[in-house]
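# Architecture and fold: a report
Residues per chain, in single letters:
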Amino acid sequence: MFRVPSLPMEGVTEIADALRSAATETLLVEPGSPAVGKTIGELRITKRTGVSVIAITRDGHAEINPGPDIRLAQGDVLLLLGGVEQIDRAIEEVFGAAA
């Protein structure tokens, strides 16, 4: 099934420009990380840094667009989306790792 664009072409161009300035980063939740055992909601990642967690992989399974009730565990791999500076801040402030 094909979708018809719901935005005028100018809107699509603005979105494309915004996406060009976005970055993604994978982050391994390390042993001893302050994120271990906390939910995405408890960490307030987006509110604190502007970064979105767009996926988590655990034991070979991916959770796309995880909700705030997902509890993080050692060994989880997160896929973060945001600006480069936002991602660096999230890695340092929320996860206690060097960016």
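Not measured: the values here are computed from a predicted model. Along each chain, the written sequence defines residue order, and numbers are assigned to residues from 1. At least 70 in pLDDT is required for a residue's local features to be given in this predicted model, at least 80 for side-chain atom pairs to be given and counted, and no such filter applies to totals for whole chains, interfaces and linings, which use all residues. Think of the side-chain values as coming from all heavy atoms in the structure, minus any hydrogens and water.

Of regular secondary structure, the chain possesses four helices and four strands. The classification of residues rests on relative accessible area computed with a 1.4 Å probe and restricted to protein chains. Under 20% of the type maximum is buried, over 50% is exposed, and intermediate values are partly exposed. Counting across all 99 residues of the chain, residues that qualify as buried make up 27%. When checking whether two residues touch, look at their non-hydrogen atoms; a contact exists if any pair is within 4.5 Å. Across the chain, contacts joining residues at least 24 apart in sequence account for 66% of those joining residues at least 6 apart. Note on areas: these come from Shrake-Rupley sampling with a 1.4 Å probe, and a residue is covered only by the protein chains present in the view. When the accessible surface of the chain is totalled, it reaches about 6,700 Å², and 55% of it is carbon and sulfur. Strands here are runs of E lasting at least two residues and helices are runs of H or I lasting at least four, both read from the DSSP assignment and numbered beginning at the N terminus.

Another aspect to go through is the pairing of strand β3 (residues 61–64). Here the rule is simple: two strands pair whenever DSSP picks up at least two bridges between them. When strand β2 (residues 52–58) meets β3, the two strands line up antiparallel, connected through four bridges. Looking across to β3, one finds that R58 is bridged to H61. The turn joining β2 and β3, which pair antiparallel and follow one another in sequence, is formed by two residues; a positive phi near 50 degrees is taken by D59.

To continue, consider the pattern of salt bridges. A pair is scored as a salt bridge if a Lys or Arg side-chain nitrogen falls within 4 Å of a carboxyl oxygen belonging to Asp or Glu. Enumeration over the complete set of coordinates arrives at two salt bridges. Ionic pairing is found between R71 and E42, a salt bridge with its closest N-O pair at 3.6 Å. Highlighted residues: R71 in the loop between β3 and β4 (77–82) and E42 in helix α2 (residues 40–43), separated in sequence by 29 residues. The exposure class assigned to E42 is partly exposed, which follows from its relative accessible area of 46%. Note that D76 is salt-bridged to R58, the shortest N-O span being 2.6 Å. Of this pair, D76 sits in the loop between β3 and β4 while R58 sits in strand β2, and the two are 18 residues apart along the sequence. On the accessibility criterion, D76 (0% relative accessible area) is buried.

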